[in-house]
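# Structural features, examined
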Amino acid sequence: MSSLHRQLSQLLRVWRWRRRVEVSLYPAPGFHCSTYCSTTSEPVNPLEIHKKKLFLWFSHLPQEEKQFGGCFSPETMHVDPLILERKFEESAGLLSSPLQTQTPFSPSVTVEQLFEPTDGWSAGRGLNVLLYGAVGTGKSTMVRKLVLDWCAGNTLTHFKLLVPFSCEDLGQLSKAASLRDLVSRKYLHLRKHPLLSGEGDQAKDVLFLFNGMEKMKLDFRIGATELCSDPNEVLVPGVVVVNLLRKYLLPEASILVTTRLSALDRIPQKYVSRYAQICGFNDPARQRAYFTGRLLQQSGETVCNHDAQALIELLYLNLQRESQLAAACFLPSYCWLTCATLHFLHFTDANAPIRTLTGIYTSFLRLNFGGEVLGTGTGTNVPIQEHHNSLMLYVVRTVGKLAFDGVTYKRTSFSEKELEQWIGGKTKTDEELRQLAMFRTDVLDFFLAPCVESGKHLPEGPSENDEMRYVFAVPAMQEYLAALYVVLGENKSALEKLTRKVSVAIGPASEDVNALVNIFSKFIPLRIFAVFNLLKLFPKLYEKIISRNKGSIARTMAAEMFRTEDSYNEDVLDQVEQSLLGVHGPQPQQYCEGQPFELYPIFMGGLLHYGNRVLLQQLGCSIKSTTVAQITRALRKHLLSKPQPPEELMDLLVLLYEFQNPRLTAEVLASIRSIRLSNIRMTPLKCFVLSSVLSCAPASYHLEELNLSSCLLTHGMIQMLRPAFRHTHNLNLQFNSLGPESCILLRDLLLDPKSSVRSLQLCDNPLLESGASTLLEMLPENQSLAHLSLMHTGLGDQGALELAEKLQQHTGLQELNVAYNNIGDNAALALVDACREHPSIHTVHLYLNPLSDVGKQSLYVRGVPKSHGDSGQRVRVLASVTEGSDLSEDWHPILSVIRENASSWDRERVKQQLKVFLSDLEWGRQQQQSLWKRLHFRRVEKGVRQTLKMLEKDTVPPPTKCSK
């Protein structure tokens, strides 16, 4: 009976095991794997289970990758970095310059080639391969791709089992465990697998992968680390790893270790079969392949792919120039930053989660330095994981201090002496010296690179002896680190540092002293109490000084935002794009000497956003909420807007967007009544910024004017800006090449009961008759529109007649501009008649239309009521510079409009109309008897001839704005 019960129990356990395997192997929704998924039952082989689970785990992309649209996979976006096999003597040196073009001494190898047998290694022992590289060269990405390729059977197929470990996880384990326990703790399905038993030579089919060896403390001394050959023996994780590398434990197994440069000597040379250096992307071809894999897959739309292909071509041209960007993109991490920034600038989607430029740079640093601490090197007993040893905080206090000094004195390049001064110049203890050495070896080259573009933005001029100068790998990184240095409060004055020390020392003691004073108050004279009350003063004094410091941060942000010498530079988003794609064509005019640092205050605002503060907290850089509140409170006083050029106004909008503080944005907007962004090259991102900022305003807020003329707006941008248009009284959309499809959006805008648009200017947009017909559908229901400009929109006679028919359905219209629309006499007369019968229209613009002399005279006659009893009203008709034999009262605005817009119009058509004006003026002058009137005619003739002469010489000024 007992044997039967035992058999039933065993069957029950087997059933539960198989049930658990089936549940764990059930594919996630949307996951498809042709290699392992089939119509038959799920595999029960532990190795197949292991491959499938590894594939699922390593296919998971970091949160930062989702900003590209979430449609990437590691297979499609991975580009193999350059890997060179090194000898131990070569591995002791640092990375070579990224701009060296000579053929490397060692040929390029793959990871699979590194595990081919060597001449001096025993056949019965596995290989230990040490793969090292600097920060950002792609070690972790290469490991992820290696694991995925092994799971898919594309590489290292002679290994039946691949066991990856994170050395960061192993370094944090305090409980002793055997090798098999370590494996089964992470990979339960490999528990008691025969390949890890140590019997025979089965371990020859096993590859252990230890990623990030610098995060573990390994001691290879025999006296400190006992020997072990039993996979079941319980030891500290570090001892287990040491015995694996010594080949005492599973000697047949092969091992791949990745580490940084500073940790190369932690594994003795005799335990390493091969050294290999991962060198990143050493040529523009690899960089271009990376950019293509990223940018071309961000959307399936053909239009977006064309835009992405154009971006890649511009980027590749800039890389081929051996620019500073090419030196930065030697590191794959900076290729990622470049792609993320370009994706942000060009493919922002209103439906996607909100992303900011500050958030991209913060995510970039978290990807490279998340959880990193600054160790103390070999031979020390200092714990590796300490909060105050945050590597990112060390970066801020050293490189950030250098960046802040450069921004303060408008410098972008630094000599070796300056690097020595700012980075580790005050180190004293042995521990600080070891940390500095590790930092210089692993991290410093990540942020600073030798200057390539000599003579550009270097106000200090060439130095003596042609010493090497260094710049930040990406210019914006200098401004980001300088902003982080300030916001974290690291730029304290001597008074603040002294007051803080005294406050920290006295503050805790003051409570105990107060208790003693209360006890002895009956025995101590009253005058002595004043001395003890000083103990309470220091913490309060420190708080006042700190709050004053936060106010200075706010003043710095406002001062840097509105520097007079930067007022007419390109807006900050265009500057970021030019730093990546270069400048193709004429160089933009600069109105200040040296490098502008307009991103610096914007980064300061963006770093105060809660999302960025959370990421920085993970990096060991804490920005307290009280600090944010104090800076924000002081910032309100300095951001109340004064009139700014369009470029500076765009920068202010970007600052408010990066800040992501709706309350502050609403308060700043309350002081802004007009937004003039004419001639700004609008992009989807800028439209999204404008719309997002205006969405923070209350429903009662309205702009008097929103000027977006000559901004290269498209239909998609108009759709993105529609929420912003609802806040506007005067909407100027001239010179934007908007077609008939945009009229649907504008019609819906004007039909929106919450819309308050009073003036709509659509001059020089090819709306055509169909677009105008669609737009006029709003007339029966819209009651807010008072001024409508359809000049040079391709209206034609049919459009003018349709407008005349529908005018009576709208009672609020006051001024109508249909000039330069190829409207003939009959259509013009019908339109003027309809306007005369309209209760409120007082002005109609009809100049530059093919009107006959008789037609013009009829228009002026029709515009004036026949008698006092006539039901119609007087309508000003602007058809020419003359009215019969007299000058028109509106000749000057007509000529002004022609001068301002002639550069974008048909030159021959405009010259023909000007010649007609001259004929009319000459005939009218001959009819005049008064010398004064003749002189007036000649004055107007002179203005027309000057405009005609400018057209013939092609010296007409660029368009600025149209008349209404």
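Residues numbered from 1 in each chain as written. Predicted model: local features only at pLDDT ≥ 70, side-chain atom pairs only at ≥ 80, totals over all residues. Heavy atoms only, no water.

## Points about the sheet that holds strand β4 (residues 206-211)
Taken in spatial order, the 6 strands make up an open sheet running β1-β6-β2-β5-β4-β3, and their pairing is mixed. Each edge of the sheet is formed by a strand with only one pairing partner; in this case those strands are β1 (83-86) and β3 (161-166). Here the average twist between neighbouring strands, direction ignored, is 20°. Where helix α6 (residues 139-151) meets the sheet, it contacts β2 (128-132), β3, β4, β5 (254-259) and β6 (274-278), and its direction lies at approximately 155° from that of β4. (Pairing = 2+ DSSP bridges. Helix = DSSP H or I, 4+ residues; strand = E, 2+ residues; numbered from the N terminus. Axes fitted to C-alpha atoms, helices over the stretch in contact; angles between N-to-C directions. Contact = heavy atoms within 4.5 Å.)

## A closer look at the pairing of strand β11 (residues 703-707)
β11 sits mainly inside the fold: 4 of its 5 residues count as buried. As for the winding sense of the linkage, the β-α-β connection from strand β10 (residues 674-676) through helix α28 (residues 684-694) to β11 is right-handed. By the bridge criterion, 4 bridges tie β11 to strand β12 (residues 728-732) in an arrangement that is parallel. Counted as the bridge partner of N707 is N732 from β12. Handedness of the crossover joining β11 and β12 through helix α29 (residues 715-725): right-handed. (Buried < 20%, exposed > 50% of the residue type's maximum accessible area, 1.4 Å probe, protein only. Right-handed = clockwise from strand over helix to strand, strands pointing away.)

## Some words on the packing of helix α10 (residues 284-295) against helix α13 (residues 332-346)
For any two helices packed against each other, the geometry is given by the interaxial angle and the distance between the axes. With their axes 10 Å apart at the nearest point, α10 and α13 run at an angle of 40° to one another. As the angle between them shows, α10 and α13 are arranged oblique. For the pair α10 and α13, the sense of crossing is right-handed. Each of Q287, Y290, F291, R294 and L295 in α10 lies in contact with α13, whose residues at this interface are P332, C335, W336, T338, C339, L342 and H343. Looking at the contact of α10 with α13 residue by residue, the class counts come to 8 nonpolar, 3 polar and 1 charged. (Parallel < 35°, antiparallel > 145°, perpendicular 65-115°, else oblique. Left-handed = near helix turned anticlockwise from the far one by under 90°. Nonpolar A, V, L, I, M, F, W, Y, C, P; charged D, E, K, R; others polar.)

## Details of the environment of Q761
By secondary structure assignment, the location of Q761 is in strand β13 (residues 759-761). Given a relative accessible area of 12%, Q761 falls into the buried group. Along the sequence, Q761 and Q734 sit 27 residues apart, while their C-alpha atoms lie 6.1 Å from each other.

## Re the pairing of β3
The buried fraction of β3 amounts to 5 of the 6 residues, a majority that puts the element mostly inside the structure. As defined by bridge partners, β3 adjoins β4 across 6 bridges and the pair is classed as parallel. Across the sheet, the residue bridging to P164 is L209, located in β4.

Nothing here speaks to function; it is all geometry.
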